[in-house]
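# Observations on the three-dimensional arrangement
Here is what each chain is made of, one letter per residue.
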Amino acid sequence: MKRFIKWCVGFWNIRQGRKSGLFLLMATLSVVATVMLSLPLNAQTIPQKLPAHELRGVWLTNIDSDVLFERDRLKGSLQRLDELNFNTVYPAVWNWGYTLYPSKVAAKVIGRAIDPTPGLQGRDILKEIVDVGHQKGLTVIPWFEFGFMAPADSLLAKNRSQWLTSRSDGTRIVKEGTHNRVWLNPFRPEVQQFIQDLIVEIVRNYNIDGIQFDDHFGLPSELGYDAYTVALYKKEHRGQAPSKNFKDPEWVRWRANKITDFMKRVFTTIKATKKDCIVSVAPNPQRFSYEYFLADWQKWERMGIVEDLVLQIYRDDLNVFVSELEYPEVKAAKSHIPVSVGILAGLKNRSISMQQIQTQVQKVRDRNFAGVSFFFYETLWNMGKEKPLDRQNTFQKIFPTPATYPNLLVGWKPST
């Protein structure tokens, strides 16, 4: 187009003394402008060649979302995701101190086999998602959303209070928004066994493609001062107590290493149960995960106990968003395993524009990441300021053709 306009200008210069040349130029430019303005914005750019393998995921949760609470609604949602060329879903299976599937392990430890929400009773939503999802060609990777966290008033917290950890002043409550949370002690063998038993139960009993953890598989760094953990630390430090400064580097490192040991044990157990089950982690950037949640995913990745990394980068500032993509540990992980980027599609009281979502997806693609996943389903098109159909049409433009899930176990290779 630029060359054409340049030719027209040249044509006019040759005949600049003639009115007919000027008329021809103006008429031509008018036609060009009319045609250009009548085209959609995306038609004015050169189409990008999309990768054949690209993660196109979305998290399904029971928080601020009702997608899981009715069988036909869930089925329709999975069908719509397939129509829009998504290929992966991460359904929550452990939230609010309950399992979202019928669990014998939970029944024994908590006293209830499934979350009491009416819409979940008499159903097995995980089986529904696996059956319908696989029929639609979707990869299904259950997500342990709450990890070691639980509501302070949950049956789990009340029935197993000895399992909880605390701050140095003995307090246990950690605020998450307006909610009171407590944390299971990830260093106690009984707690580790409970979480591991839940994981094995899912891997063994469902035809899942993988299983996912996030920062909640760590521990807020202000915690860990319960009697059990302090005694364990003293035992390994010749009677010396841990620092009262919860950010003390050695105290942080010791607790993070203990969590890493458990993560390694979980990985080994998953692989012994089902060797082709992908172990996925969806953390915050490394500095935040390590400092605030003792989750050293950089180390996990180097150890080979993460096979799929979905980095949560929920930022509105584009410069900050891009800078998070450029850190050395991110680039290093990209050379070993599929690394995708978690993008915020919105929250209950926070709408994210499709323009921001499109721009962030493009920045991710520009840097040859393995794909993107959106948090969370309900905000893809049901909670935005734009009309739902308009948002769906935009996602159709973002994912115009199908792509397969980038699976390390079936020959995924880093993009060059």
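A short tour of the structure in this document, coming up. By convention here, each chain's residues receive numbers from 1 onward along its written sequence. pLDDT decides what is reported in this predicted model: residues at 70 or higher carry local features, side-chain atom pairs at 80 or more are listed and counted, and totals for whole chains, interfaces and linings draw on all residues regardless. To obtain the side-chain values, all non-hydrogen atoms of the structure were used and water was disregarded.

### Some thoughts on the pattern of salt bridges
What counts, and what does not: For salt bridges, the criterion is a side-chain nitrogen of Lys or Arg within 4 Å of an Asp or Glu carboxyl oxygen. Secondary structure is summarised from DSSP: a helix means a run of H or I of at least four residues, a strand means a run of E of at least two, and numbering begins at the N terminus for each. Note on classification: 1.4 Å probe, protein chains only; a residue is buried when its accessible area is under 20% of the maximum for its type, exposed when over 50%, partly exposed between these limits.
This structure, assessed with the given rule, holds 19 salt bridges. Among the salt bridges present, the one from glutamate 54 reaches arginine 365, with a minimum N-O distance of 2.9 Å. Remark: arginine 365 occurs in helix α14 (residues 354-366) and glutamate 54 occurs in the loop between α2 (19-38) and β1 (55-60); sequence separation between them is 311 residues. Each member of the pair glutamate 54 and arginine 365 is classed as buried. Notably, a salt bridge pairs glutamate 176 with arginine 181, separated by 2.9 Å at the nearest N-O pair. Here the residues in one salt-bridge network are Arg287, Arg315, Glu324 and Glu329, joined through shared partners.

### Things to note about the pairing of β1
The cut-off we apply is this: By convention a crossover is right-handed if, when the strands point away from the viewer, the path from the first strand over the helix to the second runs clockwise.
Counting buried residues in β1 gives six out of six residues, a clear majority hidden from the surface. Of the two faces of β1, both are covered, the one formed by Leu55, Gly57 and Trp59 as well as the one formed by Arg56, Val58 and Leu60. Handedness of the β1-helix α3 (residues 71-83)-strand β2 (residues 88-91) crossover: right-handed.

### Considerations on the packing of aromatic side chains
Where we set the bar: A pair of Phe, Tyr and Trp rings is counted when the ring centres sit within 6.5 Å of each other, with Trp represented by its six-membered ring. The angle between the planes then sorts it: under 30 degrees is stacked, over 60 is edge-to-face, the rest tilted.
Counted by the stated rule, this structure contains 30 aromatic pairs. Plain terms: the ring middles of phenylalanine 148 and phenylalanine 217 are 5.4 Å apart, the flat faces sit at 40° to each other, and that makes the pair tilted. Placement of the pair is phenylalanine 148 in the loop between β5 (139-140) and β6 (149-151) and phenylalanine 217 in the loop between β9 (210-214) and α8 (227-235), with a sequence separation of 69 residues. Classification of phenylalanine 148 as buried rests on a relative accessible area of 1%. Between the aromatic rings of phenylalanine 374 and phenylalanine 395, the centroid separation amounts to 5.3 Å while the plane-to-plane angle is 80°, which identifies the pairing as edge-to-face.

### Side note on the packing of helix α7 (residues 189-205) against helix α9 (residues 249-273)
Put simply, the rule is: Only the stretch in contact is used when fitting a helix axis, every axis being a line fitted to C-alpha atoms; angles between N-to-C directions are given from 0 to 180 degrees. Orientation categories follow fixed angle ranges, with anything under 35 degrees roughly parallel, anything over 145 roughly antiparallel, 65 to 115 roughly perpendicular, and all other angles oblique. Left-handed describes a crossing whose near helix is turned anticlockwise from the far helix through less than a right angle; right-handed describes the clockwise counterpart. For this analysis, residues touch if any pair of their heavy atoms sits within 4.5 Å.
Relative orientation of the contacting elements α7 and α9 amounts to 25°, with a least axis distance of 10 Å. Regarding the angle of α7 to α9, the classification is roughly parallel. Handedness of the α7/α9 crossing: right-handed. In this structure, α7 contributes Gln192, Gln193, Ile195, Gln196, Ile199, Val200, Val203 and Arg204 to the contact, and α9 contributes Phe262, Arg265, Val266, Thr269, Ile270 and Thr273.

### Looking at the layout of surface pockets
Rule in force here: In this analysis a 1.4 Å probe is tested at points of a 1 Å grid over the protein atoms alone, and where it fits but cannot get out there is a cavity; an open set with protein on both sides within 12 Å along at least five of seven lines is a pocket; lining residues have an atom within 4 Å of a point. Grid points are joined across faces, edges and corners, and a volume is the space filled by probe spheres set on the points. Any residue outside Ala, Val, Leu, Ile, Met, Phe, Trp, Tyr, Cys, Pro, Asp, Glu, Lys and Arg is labelled polar, Gly included; the first ten of those are nonpolar and the last four are charged.
Estimated volume of the largest pocket: approximately 1,100 Å³. In terms of lining residues, the largest pocket is bounded by 36 residues, among which Glu145, Met149, Glu176, His216 and Phe375 are the most central. Secondary-structure elements contributing two or more residues to the lining of the largest pocket are β7 (174-176), β8 (179-183) and α10 (286-293). Residues of the lining of the largest pocket, tallied by class, amount to 18 nonpolar, eight polar and ten charged.

### Section: empty space enclosed by the protein
Applying the stated criterion to the full structure yields one cavity of 30 Å³ or more. Approximately 30 Å³ is the volume found for the largest cavity. Residue lining of the largest cavity: Ile313, Tyr314, Arg315, Asp316, Leu344, Arg350, Ile352, Gln356 and Gln360, and that is the complete set. Here the residues of the lining of the largest cavity are counted per class, giving four nonpolar, two polar and three charged.

### Section: the side chain of glutamine 286
This is how the line gets drawn: Pairs of N or O atoms within 3.5 Å make up the polar contacts considered here, provided that, within protein, one atom can donate a hydrogen while the other can accept it, and that residues adjacent in sequence are counted only when both atoms are side-chain atoms.
When you line up the elements, glutamine 286 lands in helix α10. For glutamine 286, a relative accessible area of 8% puts it in the buried group. Among the polar contacts listed, one links the side chain of glutamine 286 to the side chain of aspartate 296, at a separation of 2.8 Å. In this view, glutamine 286 contacts Ala295, Asp296, Trp297, Gln298 and Glu329; residues no more than four positions away in its chain are not counted.

### Side note on the sheet that holds β6
Convention followed: Pairing between two strands requires that DSSP report at least two bridges joining them.
Strand order across the open sheet formed by three strands is β6-β8-β7, with antiparallel pairing between neighbours. Each having just a single partner strand, β6 and β7 make up the two edges of the open sheet. Taking the axes of each pair of neighbouring strands and ignoring which way they run, one obtains an average angle of 45° across the sheet. Two strands pair when backbone bridges link them, and β6 and β8 are joined in this way by three bridges, in the antiparallel orientation. Looking across to β8, one finds that alanine 150 is bridged to valine 182.

### Some points on unusual backbone geometry
Across the junction of phenylalanine 375 and phenylalanine 376, the peptide omega takes the value 0°, indicating a cis bond. Its place among the elements puts phenylalanine 376 in the loop between β15 (371-375) and α15 (377-381). Unusually for a residue other than glycine, arginine 238 sits at a positive phi of about 50°. Summarising the element assignment, arginine 238 is placed in the loop between α8 and α9.

### Considering the packing of helix α12 (residues 318-325) against α14
α14 packs onto α12 with a crossing angle of 25° between their chain directions and a minimal axis gap of 11 Å. Looking at the two axes, α12 sits roughly parallel to α14. The hand of the α12/α14 crossing is right-handed. Where α12 abuts α14, its residues Leu318, Phe321, Val322 and Leu325 lie against Thr359, Gln360, Lys363 and Val364.

### Quick look at the side chain of asparagine 284
In this structure, asparagine 284 sits in the loop between β10 (278-282) and α10. Here aspartate 215 takes part through its side chain, which lies 2.4 Å from a polar atom of the side chain of asparagine 284.

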